[in-house]
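Chain by chain, the residues run as shown.
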Amino acid sequence: MGMTARVLAVDAGNSKTDVAVVAADGTVLATARGGGFRPPVVGVQAAVDALATAVDTAFAAAGVSAVDQVSACLANADFPVEEEQLAAALHARAWGTAVQVRNDTFAILRAGITEPRGVAVVCGAGINCVGMRPDGRTARFPAIGRISGDWGGGWGLAEEALWFAARAEDGRGEPTELARTLPAHFGLPTMLTLIEALHLEQVPHERRHELTPVLFATAAGGDPIARAIVDRLADEVVTMATVALTRLDLLEEETPVLLGGGVLAAQHPQLSDGIRELLAVRAPKAVPRVVTASPVLGAALLGLDRVDASAEVHERVRAHFES
């Protein structure tokens, strides 16, 4: 070991971490995968310790001991103060001469565009939106839940579906098939039995996300309440994208709007059609596209942007991850 590579790319989400070591000519020397990155749960140092396992594996496979640029796109890096704290923790590991930390949504955005110009909306467990321009300007939201004005994401959709289903069954709300399909998913007969099972954790809390596909299936079957929830998500996605485009003065220019995360990548017809129809009205020059490339590609490209790598180098990295 002793050779210095160009970029260490890190894409660290709540459930998994991907890293890649990239040489100066764009050759991907090694990749590795690790566990989730959750500093709010385990603390910054323990979270970075978890990253170290994947980084050490990739460095060993690449035959390097350090890089010029660490490009880390990290979940839970929602405010500048958090980015600075995490950057300091990464710098202390001496993995690279320079360190840049961004929210992990930027990785999905950069993976889907050929230059650092566009907007991405990510809808997985939660929902977030970021945008960037080549001049370095960015647009973003805190995206930490209801206290920052967020609605949507898998958890939010499941919660909304449960709310409507509970009220339908006990008479406080309009009838909806969700009152049948949600408990049936867990083999239960009624919403009351599901509510009790969730409350007593007979159905583990983390299984609530399984109700999001049930919601979409119920909407596809024509249920008005389920369809209204899906329509609301389409509206929220387009609202976030339009605000980001406006902040970056891109509303009047043809600009890619990338859609990522498990909920949007599933391309449910009602949701996908709704997003495109609303964008056509509110941001007619936006070009929506679902991102399928690995987010660690985006982290690598952001690192190459920082070191002014050539277009050829960028393309070599992209070809590796898209082949």
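One can find the structure itself at the top, above this paragraph.
Residues numbered from 1 in each chain as written. Predicted model: local features only at pLDDT ≥ 70, side-chain atom pairs only at ≥ 80, totals over all residues. Heavy atoms only, no water.

## Some details on a nonpolar patch on the surface
- On the surface, Phe-79, Val-81, Ile-144 and Ile-147 cluster together to form a nonpolar patch covering roughly 410 Å² of accessible area.
- You can see Ile-147 is positioned in the loop between β8 (138-140) and α5 (153-170).
- The exposure class assigned to Ile-147 is exposed, which follows from its relative accessible area of 77%. (Patch = residues over 30% accessible without salt bridge, like charges linked within 9 Å, V, L, I, M, F, W, Y side chains within 5 Å. Areas by Shrake-Rupley, 256 points an atom, 1.4 Å probe, with all protein chains shown as cover. Salt bridge = Lys/Arg side-chain N within 4 Å of Asp/Glu carboxyl O. Helix = DSSP H or I, 4+ residues; strand = E, 2+ residues; numbered from the N terminus. Buried < 20%, exposed > 50% of the residue type's maximum accessible area, 1.4 Å probe, protein only.)

## Concerning the pattern of salt bridges
- As enumerated under the stated definition, the model contains 16 salt bridges in all.
- One salt bridge in this structure joins Arg-93 and Asp-49, with 2.3 Å as the shortest N-O distance. Pair noted here: Arg-93 is in the loop between α3 (80-91) and β5 (96-103) and Asp-49 is in helix α2 (residues 44-62), with a separation of 44 residues, a long-range link.
- The shortest N-O distance in the salt bridge between Arg-207 and Glu-210 comes to 2.8 Å.

## Some remarks on the sheet that holds strand β6 (residues 118-123)
- Ordered in space as β8-β7-β6-β9-β10, the five strands form an open sheet in which the pairing is mixed. The open sheet is flanked by β8 and β10 (286-290), the only strands paired with a single partner. Within this sheet the neighbouring strands show an average axis-to-axis angle of 15 degrees, counted without direction.
- Here strand β9 (residues 255-260) runs beside β10; their pairing, made up of five bridges, is parallel. (Pairing = 2+ DSSP bridges. Axes fitted to C-alpha atoms, helices over the stretch in contact; angles between N-to-C directions.)

## A closer look at unusual backbone geometry
- The backbone of Glu-201 shows a phi angle near 60 degrees, a positive value even though the residue is not glycine.
- Even without a glycine there, the phi angle at Asp-308 is positive, about 55 degrees.
- Its location among the elements puts Asp-308 in the loop between α12 (295-306) and α13 (311-322).

## Quick word on the packing of helix α8 (residues 211-220) against helix α9 (residues 224-247)
- Two elements in contact, α8 and α9, have axes whose closest approach is 8 Å; the angle formed by their N-to-C orientations is 115 degrees. One finds that α8 runs roughly perpendicular with respect to α9. As for the relative orientation of α8 and α9, their crossing is left-handed in sense. In this structure, α8 uses Leu-215, Phe-216, Thr-218 and Ala-219 to contact α9, whose residues at the interface are Ala-226, Arg-227, Ile-229, Val-230 and Leu-233.
- When its residues are assigned to classes, the contact of α8 with α9 shows seven nonpolar, one polar and one charged. (Parallel < 35°, antiparallel > 145°, perpendicular 65-115°, else oblique. Left-handed = near helix turned anticlockwise from the far one by under 90°. Contact = heavy atoms within 4.5 Å. Nonpolar A, V, L, I, M, F, W, Y, C, P; charged D, E, K, R; others polar.)

None of the figures reported here should be taken as evidence of function without further support.
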